[in-house]
Amino acid sequence: MKAIAFLKYDLRRSKIIILYSIVLFAPLEFVLAYSWKSEIFIFTYMVLIVILGNISLFSQDQKVNCGFDCLLPASEIDRVVGRFLSGIAIMLLNILDGWIVCMIYRIASRGKFVSTISVTLGAFDFSTILIITVFCLAIGLLYLSVLNILLYFMGRDINPQIKNIVTMIPAMILWGIASSFVKTTVITGSGNKILTYIMQHLTFLAAGSLVISLLIYLTALGISIHIVKKKDFR
């Protein structure tokens, strides 16, 4: 399928972001987790890296001004599907990176302290980490759905500074909400009832959020294809 070729093409263009996620963000994730004594900080940066990777691809599209990719024998659908697949691929790569950092963190912190969540709600085992990974994946898919629609709608001709501001506002809001939630429910312990309810229904909530986010992602794919056909954004 030609969309797979565009997926590989986008991944080659995202190699700098992927390299940054390993060289820069992975150590930062470890330091934050070690400082706050909580593994949840390892996975929160995954969403940020996915956002940066997606924005960088659209920025490169604008710089080359419909260059090499438009010369390839493919349809608008192939290009858009490839871009949506690249978002999922970058997320999966960062999940793998997060799990590796998590294992290193556990080895480094063994015998010194336990996770903050462990103190509040019992053992923080790998099944819980898997569920948190699913939640982060769902959040990433939801944000990418909105971001892709927004970027395709703005097109190539909009001022790059305006585009960056518009696309980063939702990221800042999402980051603020996530940080406030973690601070309120996990660090300060003032939201123990909320957190206890979430933990009691964690598997159901994780599965439901992933299914809903996937459906929204597919819907965003259809909307983006429609926008591309109308605006001739290749």
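Figured I'd write up the structure that's included with this text. Keep in mind it's a predicted model, so treat the numbers as computed, not measured.

### Comments concerning the environment of Ile-129
1) Next: In this fold, Ile-129 is placed in helix 7 (residues 126-154).
2) Next: By relative accessible area, which is 0% here, Ile-129 ends up buried.
3) Next: C-alpha separation for the pair Ile-129 and Phe-43, spaced 86 residues apart in sequence, amounts to 9.1 Å.

### Some words on a nonpolar patch on the surface
1) Next: Among the surface-exposed residues, Ile-16, Leu-19, Tyr-20, Ile-22, Val-23 and Leu-24 lie close enough to one another that they form a single nonpolar patch of about 600 Å² accessible area.
2) Next: Since its relative accessible area comes to 56%, Val-23 is described here as exposed.

### Notes on the packing of helix 1 (residues 2-13) against helix 5 (residues 76-109)
1) Next: Where helix 1 contacts helix 5, the two axes come as close as 7 Å, and the packing angle between them is 50 degrees. With respect to helix 5, the axis of helix 1 lies oblique. Remark: the crossing between helix 1 and helix 5 carries right-handed chirality. Within the contact between the two elements, helix 1 uses Lys-2, Ala-3, Ile-4, Phe-6, Leu-7, Asp-10, Leu-11 and Arg-13 and helix 5 uses Asp-78, Arg-79, Val-81, Gly-82, Arg-83, Leu-85, Ser-86, Ala-89 and Ile-90.
2) Next: Along the lines of polarity and charge, the residues of the contact of helix 1 with helix 5 split into nine nonpolar, two polar and six charged.

### A closer look at helix 2 (residues 15-36)
1) Next: Relative to the 32 Å expected for 22 residues at 1.5 Å per residue, helix 2 spans 30 Å between its end C-alpha atoms, a close match to the ideal helical length.
2) Next: Where helix 2 bends most, at Phe-25, the angle is about 40 degrees, and the proline Pro-27 comes one to four residues later.
3) Next: Along helix 2, the residues classified as buried are Ile-17, Ser-21, Phe-25, Ala-26, Glu-29, Leu-32 and Ala-33.
4) Next: Residue Lys-37 follows helix 2 closely and has a positive phi angle near 55 degrees.

Scoring rules and cut-offs
Residue positions within a chain follow its written sequence, with the count starting from 1. At least 70 in pLDDT is required for a residue's local features to be given in this predicted model, at least 80 for side-chain atom pairs to be given and counted, and no such filter applies to totals for whole chains, interfaces and linings, which use all residues. Where side-chain values are given, they derive from all heavy atoms of the structure, hydrogens and water being excluded. Helical segments are the DSSP runs of H or I of at least four residues, strand segments are the runs of E of at least two, and each set is numbered from the N terminus. Here's how the labels work: a residue is buried when its accessible area is under 20% of the maximum for its type, exposed when over 50%, partly exposed in between, all with a 1.4 Å probe on protein chains only. Nonpolar side chains (Val, Leu, Ile, Met, Phe, Trp, Tyr) are joined into patches within 5 Å and like charges within 9 Å, using only residues with over 30% relative accessible area and no salt bridge. Using the Shrake-Rupley algorithm and a 1.4 Å probe, accessible areas are obtained, with residue cover drawn only from the displayed protein chains. Salt bridges are identified by distance alone: a Lys or Arg side-chain nitrogen within 4 Å of an Asp or Glu carboxyl oxygen. Axis angles are defined between N-to-C directions and span 0 to 180 degrees, where every axis is a line fitted to C-alpha atoms and, for a helix, only to the segment in contact. Convention used here: angles under 35 degrees read as roughly parallel, angles over 145 as roughly antiparallel, angles from 65 to 115 as roughly perpendicular, and any remaining angle as oblique. Crossing handedness is defined as follows: a turn of the near helix away from the far one that is anticlockwise and smaller than a right angle gives a left-handed crossing, while the clockwise case is right-handed. Any pair of residues with heavy atoms lying within 4.5 Å of one another is described as a contacting pair. For this scheme, ten residues count as nonpolar: Ala, Val, Leu, Ile, Met, Phe, Trp, Tyr, Cys and Pro. Four count as charged, namely Asp, Glu, Lys and Arg, and the remainder, Gly too, count as polar. In this analysis, the expected span of each helix is defined as 1.5 Å times one less than the number of residues it contains. Take the seven residues that end at a residue and the seven that start at it, fit an axis to each, and the angle between those axes is the bend at that residue.

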